[in-house]
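Report on the structure
Residues per chain, in single letters:
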Amino acid sequence: MHDPFFRTVTAPAFTRELIAGLAAGRCVAIRVPGFLPRAVLTETLRALESRAFDAYGRQRVDPPVMRFGVGVSDHRTAGTVADGYWDALAAQQKAWQGLGLPYDPFEKCREVLGADWPGGVSVGRRGGREMGAGVAREPNHGFQVHFDDALREFSGDLLDTTLVAQFAFNLYLSVPGSGGETVIWRHRWHPADETFRIPDSYGYREAVVGNAESIELRPEVGEAVLINPRYFHAVRPSKDSRRIALGFAVGMSETGRLFAWG
Ligand SMILES: O=C(O)CCC(=O)C(=O)O
Ligand SMILES: [Fe+2]
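Residues numbered from 1 in each chain as written. Chains lettered and ligands numbered in written order. Predicted model: local features only at pLDDT ≥ 70, side-chain atom pairs only at ≥ 80, totals over all residues. Heavy atoms only, no water.

Description of the site of ligand 1
- Residues in close proximity to ligand 1 include Arg 137, Phe 143, His 146, Asp 148, Ala 168, Asn 170, Tyr 172, Thr 182, His 233, Val 235 and Arg 243, which together make up its full environment.
- Asn 170 is positioned with one of its side-chain polar atoms (N or O) 2.7 Å from an oxygen atom of ligand 1.
- Note that an oxygen atom of ligand 1 is positioned 2.5 Å from one of the side-chain N or O atoms of Tyr 172.
- Those elements giving two or more residues to the shell around ligand 1 turn out to be β11 (143-146), β12 (163-174) and β16 (231-235).
- Counting residues per element, the shell around ligand 1 draws most heavily on β12, at 3 residues. (Near = heavy atom within 4 Å. Polar contact = N/O pair within 3.5 Å; in protein donor to acceptor, adjacent residues only side chain to side chain. Helix = DSSP H or I, 4+ residues; strand = E, 2+ residues; numbered from the N terminus.)

If you want it as structure tokens, here you go:
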């Protein structure tokens, strides 16, 4: 049996109706091809390609995922954000400025993503401090099956507001010709799933999703995708070229504002 709400929607833009529908559970992903002008993509990709990417913490993220920028998940200790996050962010801002781009690609993403949303998309704050805007991620060996949910990863509220929904945004700058698919399963975390947890990892053994219905997305260059990351999802290994995406989390607050963080 197929759940008619377990579907992706492809549209020319992230409309208010589609974003609200994603929060409400009317779809699991919104795909917008040609999200940013081609020139912006190429310029950003060219700047990033020449730089060294770091790996996420090797113990938690194995196989390794490369990234340019700082993700809060690497600075989570006992359900809170470690001070090192803020120090790392300051260094990251310098690194992004060092790319010499005449714009901030994350700001462009927020502008376009929030164009139809009342109040747009702003960077979230914690303790009054602005969070990171996002990271460039390169999961060439894939992402393990996992879910993302700040509610379960952090105690209390991650941001200075209560979130009522969470999304994951990715803008694909480079995709492999083969592999690199994003798979989403119609399965949300259940306490019994912890028996499938890979020790010390962010991920789970694939058997965790059982025979749940799944959707496979093959991202295109220039496409932006907003998913409901509370569903278990994974990225398949790339078979040839690099898979590089600009990514950030997006939360919907109790007052209906959208906040991004990386
Ligand atoms: O790269 C992707 O397609 C999805 C990565 C992911 O796990 C996420 O954005 O939460
Ligand atoms: Fe994820």
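Some words on the packing of aromatic side chains
- By the definition in use, this model includes 13 aromatic pairs.
- Geometrically, the ring pair formed by Trp 96 and Phe 106 is edge-to-face, given 4.9 Å between the ring centres and 70 degrees between the ring planes. A residue pair is termed long-range when its members are at least 10 positions apart, and Trp 96 in helix α3 (residues 83-97) and Phe 106 in helix α4 (residues 105-113) qualify at 10 residues. Residue Trp 96 shares its accessibility class with Phe 106, and that shared class is buried.
- With 5.3 Å between their ring centres and 55 degrees between their planes, Phe 147 and Phe 232 make a pair best called tilted. (Phe/Tyr/Trp six-rings, centres within 6.5 Å; stacked < 30°, edge-to-face > 60°. Buried < 20%, exposed > 50% of the residue type's maximum accessible area, 1.4 Å probe, protein only.)

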